[in-house]
Amino acid sequence: MCGRYSASKSPAKLVEEFGAADQTEGKARDADYNVAPTKNVVTVVQRHPRDAEGNVLTHEPTERTLRLMRWGLVPFWAKDPSVGNRMINTRAETATEKPAFRTALAKRRCLVPADGWYEWRRNGKVKEPFFMTGPDSSSLAFAGIWESWRDKKDPDASPLITFSIITTAATGRLTEIHDRMPLLVPRRDWAAWLDPDTGDVSELLAPTPELVDSLELRPVSDQVNSVRNNGPGLIEPAAAPAPDLDQSLFDVT
């Protein structure tokens, strides 16, 4: 699963990296090394523009933008937003079938930029935190879906925009840490994943082995265990790898 990740890049850097316009209205936090559910974070979407009445102009080219969304999907039919606390992740294996996810998967997909994500490996009674990150400074792009929810009791209120990270079975070296992982979208598939005119993305719901194999599996401090802690120290390597973990796992070639 993915329940915590790091997103330290400013919107200005993400604009350049993802080729998107910034529509976060200056409300985005420049760096968050301990992103947790219910936080508002930067995502990437691609949509057709709308006219003054709100009608979608399907004949106009799509626009790629950075948007702030709250982590934890709230389906449009939900009675209250608390349901989002249970929908931070969406399993790729069932996303096309479950009512809470299938419409969003077909029509409202996003990318979630990240430096990397945290996972905890159980070693007896101890859980050891690891940070999974790429081999260079480029962002990882998690596959996501999003929804717009309105409070029927307050129709004049602004809509609540939320998202969920799609997860899949861990592969390769990651299986030594956890049995699940976020679905990583390689750069070559960003446009296809974000395309609002494409309803079937089933071919993109499988992990990319070469991307997974390039990741660094970094032991980090247990300071990340608390959401109160933040800062770049959370993603720095711990003093030494777990003694019973194969050292080759940390060798990135």
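Refer to the structure presented above.
This report concerns the structure included in the present document. These numbers come from a predicted model, not from an experiment.

## Points about the nonpolar core
The biggest cluster of nonpolar side chains holds 31 residues, and the ones touching the most others in it are Phe 18, Leu 105, Leu 111, Ile 145, Ile 166, Trp 193 and Leu 205. Of all the secondary structure elements, the ones that give two or more residues to this core are α1 (11–18), β4 (40–47), α2 (99–107), β10 (140–149) and α3 (190–194). Beyond its immediate chain neighbours, meaning those up to four positions away, Phe 18 contacts Val 44, Arg 64, Leu 111, Pro 113, Ser 139, Ala 141 and Trp 190. In this structure, Tyr 5, Leu 140, Leu 184 and Leu 217 belong to the second largest nonpolar core, which totals 28 residues.

## Side note on the sheet that holds strand β13 (residues 216–219)
Sheet strands line up and pair through hydrogen bonds in the backbone, either parallel or antiparallel. Taken in spatial order, the 5 strands make up an open sheet running β3-β1-β8-β9-β13, and their pairing is antiparallel. Two strands close off the open sheet at either side, each with one partner strand: β3 (32–35) and β13. Put simply, the sheet's adjacent strands are angled 30 degrees from each other on average, direction ignored. Alignment of strand β1 (residues 5–7) against strand β8 (residues 116–123), held across 2 bridges, turns out to be antiparallel. Directly across from Ser 6, in β8, lies its bridge partner Gly 116.

## Here's the deal with the packing of aromatic side chains
Under the definition given, this model contains 6 aromatic pairs. Arranged with centres 6.0 Å apart and planes meeting at 80 degrees, the rings of Trp 117 and Phe 142 form a pair that is edge-to-face. On the criterion of sequence distance, the pair formed by Trp 117 in strand β8 and Phe 142 in strand β10 is long-range, its members being 25 residues apart. Through successive ring pairs, a cluster of aromatic residues spans Tyr 5, Trp 71, Trp 117, Phe 142 and Phe 163.

## Thoughts on the pairing of β8
Counting buried positions along β8 yields 6 of 8 residues, so the element is predominantly enclosed. In terms of strand pairing, β8 meets strand β9 (residues 126–133) through 8 bridges, oriented antiparallel. Bridged to Tyr 118 within β9 is Phe 131. Following β8, the chain reverses through 2 residues before pairing antiparallel with β9; Gly 124 in that reversal takes a positive phi of roughly 70 degrees.

## Describing α1
Of all the positions in α1, only Pro 11, Leu 14, Glu 17 and Phe 18 are classed as buried. Down the axis, α1 shows its buried residues gathered within 120 degrees of arc, on one side only. For α1, the exposed residues lying more than 90 degrees away from the buried face are Ala 12, Lys 13 and Glu 16. Looking at the buried residues of α1, the elements they touch are β2 (21–22), β4, β5 (63–71), β7 (109–114), β10 and α3. Just beyond α1, the residue with positive phi is Gly 19, at close to 60 degrees.

What counts, and where the lines are drawn
Residues numbered from 1 in each chain as written. Predicted model: local features only at pLDDT ≥ 70, side-chain atom pairs only at ≥ 80, totals over all residues. Heavy atoms only, no water. Core = buried A, V, L, I, M, F, W, Y, C linked by side-chain atoms within 4.5 Å. Buried < 20%, exposed > 50% of the residue type's maximum accessible area, 1.4 Å probe, protein only. Helix = DSSP H or I, 4+ residues; strand = E, 2+ residues; numbered from the N terminus. Contact = heavy atoms within 4.5 Å. Pairing = 2+ DSSP bridges. Axes fitted to C-alpha atoms, helices over the stretch in contact; angles between N-to-C directions. Phe/Tyr/Trp six-rings, centres within 6.5 Å; stacked < 30°, edge-to-face > 60°. Arc of directions from axis to C-beta.

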